[in-house]
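Architecture at a glance
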Amino acid sequence: MTEAHPDEALRATLRWYADMGLDDVIGASPSDFSTWQNRGPVSAPQMQRKAPAPPSTMTNMSATQRPSNNARQTPAPVSGLDAPLPTDEAVARAQALAGGCESLAALRSAIQGFDGCPLKPGARNTVIDDGIEGAPLMVLGEAPGRDEDRIGKPFVGRAGQLLDRMLAAIGHSRFEDEMEAAYISNSIFWRPPGNRTPTRAEVAICLPFVLRLIELAQPKVLILVGNTPTQALFDSVPGITRARGLWRAHETSAGQVIPALPMFHPAFLLRQPLQKRLAWADLIEVRKKLKDA
Ligand code: URA
C-alpha cells in the first residue's frame, strides 16, 4: 500500500476541519485552549462618547465614580476565544487618530492603519463603509461577517441584500443610481471570529472612529440596525425588541443633532420574517423623517 503524500494528508485534515465548521482564523498564532483559564467578564474600557475623560482618569476612578451605564454592567459576551484584553490606550489612540481626521478619506486611512483592535489580526480585510458620501441617510450595522470580510465592504451578504431591498422600499440606495443616496458602515471594522457578538471592549475601541465617521458623513437621519450600534451610541437602552421604532437623538461633538432610529437587523429579519411588518413600519417613519429633514 502506498503512503499518502504529506500534502494530501494535510489537505484531508483541513477538509475535515472545514466540514466540522472550523473555517475561521481566530488569531495570528496557534493557542492551546486546554491550558486556558476562565478569565471571567471582560473589564472593558468605558465606552466614550462626547468629551471622554482621559484614560488615566478613567483608570483611577472607583467603580462608583464612573458614569453609570446599564449596558456596561452586563458582562460582555465572553467566549473562550476572546482576543487579548484591550487597553485604555487603544481607546485613547483611536480617539487621537479619529479626532485628527478632517475627511472621510483621511479617516479611512487612519482606521486601516490602526492596530489597536484585537480583532484585526484574525480578519482578512478592514471593512469600513460603502455608499454615497454626503447621503442624507446613514445605516450603522454591527460588524462584518464572512462575506464582508472576504470582499472588504459592509453588508454584501444575504443580510446586506435584504438591507438594500429595505432601503429601496423607501427610495434609497447605496449605489450610484436613480434613487436617493444612502451611506453604510458598521460599529466594528473587523470580523469577530465565527460572527460572534462583538465584546464591549471591541466596540469601545472602534467607537471613536464610528463617531467621527458619523460626524464627517453628516447624515440627516441614522438607522441603527440591531443591538450593537444602538448600545454603542446610547447609554441605558433596552434590547432591540423594546428599543426599535423609538426615535433617539445622536449629538455629534460638533453639535449636530441627528435623529436615530433603532431597527431590527436584516439578519434577524431573515430568520424571523414575520417581524418584517415592524421593520416596514419603522422604514415608513424613516421616510417621513427624511422628508421633514
Ligand atoms: N451584518 C452587519 O451588521 N454588518 C455587515 O456589514 C454585515 C452583516
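Our subject is the structure listed above.
Since this is a predicted model, take the numbers as computed values, not measurements. (Residues numbered from 1 in each chain as written. Predicted model: local features only at pLDDT ≥ 70, side-chain atom pairs only at ≥ 80, totals over all residues. Heavy atoms only, no water.)

**Things to note about the overall build of the protein chain**
Each helix and strand counted, the protein chain has 12 helices and 7 strands in total. Long-range contacts, defined here as pairs at least 24 residues apart, represent 72% of the contacts in the protein chain between residues at least 6 apart. Surface exposure of the protein chain reaches about 15,200 Å², of which carbon and sulfur atoms provide 53%. (Helix = DSSP H or I, 4+ residues; strand = E, 2+ residues; numbered from the N terminus. Contact = heavy atoms within 4.5 Å. Areas by Shrake-Rupley, 256 points an atom, 1.4 Å probe, with all protein chains shown as cover.)

**A few points about the site of the ligand**
What surrounds the ligand is the set G141, E142, A143, E148, P154, F155, N186 and H265. One of the backbone N or O atoms of E142 is found 2.7 Å from an oxygen atom in the ligand. A distance of 3.1 Å is found between a nitrogen atom of the ligand and a backbone nitrogen or oxygen belonging to A143. Summarising the interface, the protein chains cover 91% of the accessible area of the ligand, which totals 240 Å² for the free molecule. (Near = heavy atom within 4 Å. Polar contact = N/O pair within 3.5 Å; in protein donor to acceptor, adjacent residues only side chain to side chain.)

**Considerations on the packing of aromatic side chains**
Taken as a whole and assessed by the stated rule, the structure comprises 4 aromatic pairs. Judged by centre distance (5.0 Å) and plane angle (70°), the rings of F114 and F209 are edge-to-face. Of this pair, F114 sits in the loop between α5 (104-113) and β1 (129-131) while F209 sits in helix α8 (residues 200-217), and the two are 95 residues apart along the sequence. By relative accessible area, which is 0% here, F209 ends up buried. A centroid spacing of 6.4 Å and a plane angle of 75° characterise the contact between F189 and F209, whose relative ring orientation is edge-to-face. Within this pair, whereas F189 is found in the loop between β4 (180-186) and α8, its partner F209 is found in helix α8, the two being separated by 20 residues in sequence. Both residues of the pair, F189 and F209, count as buried. Taken together through their ring pairs, the aromatic side chains of F114, F189, W190 and F209 make up a single cluster. Here the basic side chain of R248 rests over the ring of F234, its NZ or CZ set 5.7 Å away from the ring centre. (Phe/Tyr/Trp six-rings, centres within 6.5 Å; stacked < 30°, edge-to-face > 60°. Buried < 20%, exposed > 50% of the residue type's maximum accessible area, 1.4 Å probe, protein only. Lys NZ or Arg CZ within 6 Å of the ring centre and 35° of its normal.)

**What about the nonpolar core?**
Within the largest apolar cluster, 43 residues are counted, with the highest numbers of intra-cluster contacts made by F189, W190, F209, I214, L222 and L233. Where this core is concerned, the elements lending two or more residues are α4 (88-99), α5, β2 (137-141), β4, α8, β5 (221-225), α9 (227-233) and β7 (257-263). Among the elements that make up this core, the one with the highest residue count is α8 (11 residues). If sequence neighbours within four positions are ignored, L222 has contacts with M138, I214, L233, W247, H250, I258, P259, A260 and L261. (Core = buried A, V, L, I, M, F, W, Y, C linked by side-chain atoms within 4.5 Å.)

**Brief notes about the packing of α5 against α8**
As a packed pair, α5 and α8 sit with axes 10 Å apart at the nearest point and diverge in direction by 165°. Here α5 lies roughly antiparallel to α8, going by the angle between them. Relative to α8, α5 is oriented so that their crossing is left-handed. Listed contacts from α8 to L104, L107, A110 and I111 of α5 are F209, R212, L213, L216 and A217. Classifying every residue of the contact of α5 with α8 gives 8 nonpolar, no polar and 1 charged. (Axes fitted to C-alpha atoms, helices over the stretch in contact; angles between N-to-C directions. Parallel < 35°, antiparallel > 145°, perpendicular 65-115°, else oblique. Left-handed = near helix turned anticlockwise from the far one by under 90°. Nonpolar A, V, L, I, M, F, W, Y, C, P; charged D, E, K, R; others polar.)

**Focus: the pattern of salt bridges**
Following the criterion strictly, the structure yields 11 salt bridges and no others. Notably, a salt bridge pairs R174 with D130, separated by 2.9 Å at the nearest N-O pair. A residue pair is termed long-range when its members are at least 10 positions apart, and R174 in the loop between β3 (172-173) and β4 and D130 in strand β1 qualify at 44 residues. A residue is classified by how much of its surface remains accessible, and R174, at 4% relative accessible area, is buried. Residue D130 is classed as buried on the basis of its relative accessible area of 15%. (Salt bridge = Lys/Arg side-chain N within 4 Å of Asp/Glu carboxyl O.)

**Section: the packing of α4 against α8**
Two quantities define a packed helix pair, namely the angle between the helix axes and the distance between the axes. One can describe the packing of α4 onto α8 by two numbers: an axis separation of 8 Å at closest approach and a directional angle of 15°. It follows from the interaxial angle that α4 and α8 lie roughly parallel. As α4 runs across α8, the sense of the crossing is right-handed. Contacts from A90, V91, A94, Q95, L97, A98 and G99 of α4 reach α8 at A204, I205, P208, F209 and R212. Taken together, the residues that form the contact of α4 with α8 break down as 9 nonpolar, 2 polar and 1 charged.

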